[in-house]
Amino acid sequence: MASQSVRAALQALDRGQREAGLALGLTRLEVLRLVELPQAISAMIPTFVNQAIQLIKGTALVSLITLTDMTFRAKQLSQLEYNPVGIYSGLLLAYLILCYPITILGRHLERSKDKTLGSPA
């Protein structure tokens, strides 16, 4: 999945970027490292942030919190307590506490990368 994100970001670049780098006498590796990757990274950040959030939601966090278990337990509690709104609101809050910091980090990375490349934010 990550390789597809990298491939798509590199293919989205204008072909003229590579041609300009080669015209300046750079090798193909130098063009990739100095011209193409810095531009492609800003396109990859949102995809990688999304994948990180999916990873958190889909797996156990250091064997302390299993989110699928949290969802299962919320379902059990809502059936026992007849209060699904309150229980699922708590579950929503737990997901928010886990995933929101990653979203903020991703936004920060996108903005800092845009400033580095001189793109409008």
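The paragraphs below set out a description of the structure included in this document. Note that the structure is a prediction, hence the values are computed from the model and not measured.

With that settled, the discussion passes to the overall build of the protein. A count of helical and extended segments in the protein gives five helices and two strands. Scanning the protein from its N terminus toward the C terminus, one meets helices and strands in the order α-α-α-β-β-α-α. The proportion of buried residues among the 121 residues of the protein is 21%. Contacts spanning at least 24 positions in sequence make up 61% of the contacts within the protein whose residues lie at least 6 apart. As displayed, the protein offers around 8,700 Å² of accessible surface, 62% of which is attributable to carbon and sulfur atoms.

We now examine the side chain of Ser78. Here Ser78 is to be found in helix α4 (residues 67–81). Ser78 sits in the buried class, given a relative accessible area of 11%. Residues within four places of Ser78 in sequence aside, it is in contact with Asn83, Pro84, Ile87 and Tyr88.

Moving on, we get to the pattern of salt bridges. Scanning the entire structure with this criterion turns up two salt bridges. Here Arg15 ties to Glu19 by a salt bridge, and the two come within 3.3 Å at their closest N and O atoms. Of this pair, Arg15 and Glu19 both sit in helix α2 (residues 15–23), separated by four residues, roughly a single helical turn. Classification of Arg15 as exposed rests on a relative accessible area of 65%. Ionic pairing is found between Glu36 and Arg18, a salt bridge with its closest N-O pair at 3.2 Å. Taken together, the residues span a long stretch of sequence, with Glu36 in helix α3 (residues 28–58) and Arg18 in helix α2 at a distance of 18 residues.

This part takes up the nonpolar core. Formed by Ile45, Val49, Ile53, Ile56, Cys99 and Ile102, the largest nonpolar core amounts to six residues. Breaking this core down by element, the ones donating at least two residues are α3 and α5 (84–117). Here this core takes four residues from α3, the largest share from any one element.

Together, Leu93, Leu96, Ile97, Tyr100 and Ile104 make up an exposed nonpolar region whose accessible area comes to about 490 Å². Residue placement: Tyr100 occurs in helix α5.

Among all residues save glycine, negative phi is the norm, and among peptide bonds the norm is trans. In this structure, Tyr82 takes a positive phi of about 55° despite not being glycine. One can find Tyr82 in the loop between α4 and α5.

This part is about the environment of Pro84. Note on placement: Pro84 falls in helix α5. Looking at Pro84, the relative accessible area reads 39%, which means it is partly exposed. Taking the C-alpha atoms as reference points, Pro84 and Ala74, 10 residues apart in sequence, are found 8.1 Å from one another. Among all residues touching Pro84, those that are not within four sequence positions of it are Ser78 and Ser89.

Cut-off values and rules
- Residues numbered from 1 in each chain as written.
- Predicted model: local features only at pLDDT ≥ 70, side-chain atom pairs only at ≥ 80, totals over all residues.
- Heavy atoms only, no water.
- Helix = DSSP H or I, 4+ residues; strand = E, 2+ residues; numbered from the N terminus.
- Buried < 20%, exposed > 50% of the residue type's maximum accessible area, 1.4 Å probe, protein only.
- Contact = heavy atoms within 4.5 Å.
- Areas by Shrake-Rupley, 256 points an atom, 1.4 Å probe, with all protein chains shown as cover.
- Salt bridge = Lys/Arg side-chain N within 4 Å of Asp/Glu carboxyl O.
- Core = buried A, V, L, I, M, F, W, Y, C linked by side-chain atoms within 4.5 Å.
- Patch = residues over 30% accessible without salt bridge, like charges linked within 9 Å, V, L, I, M, F, W, Y side chains within 5 Å.

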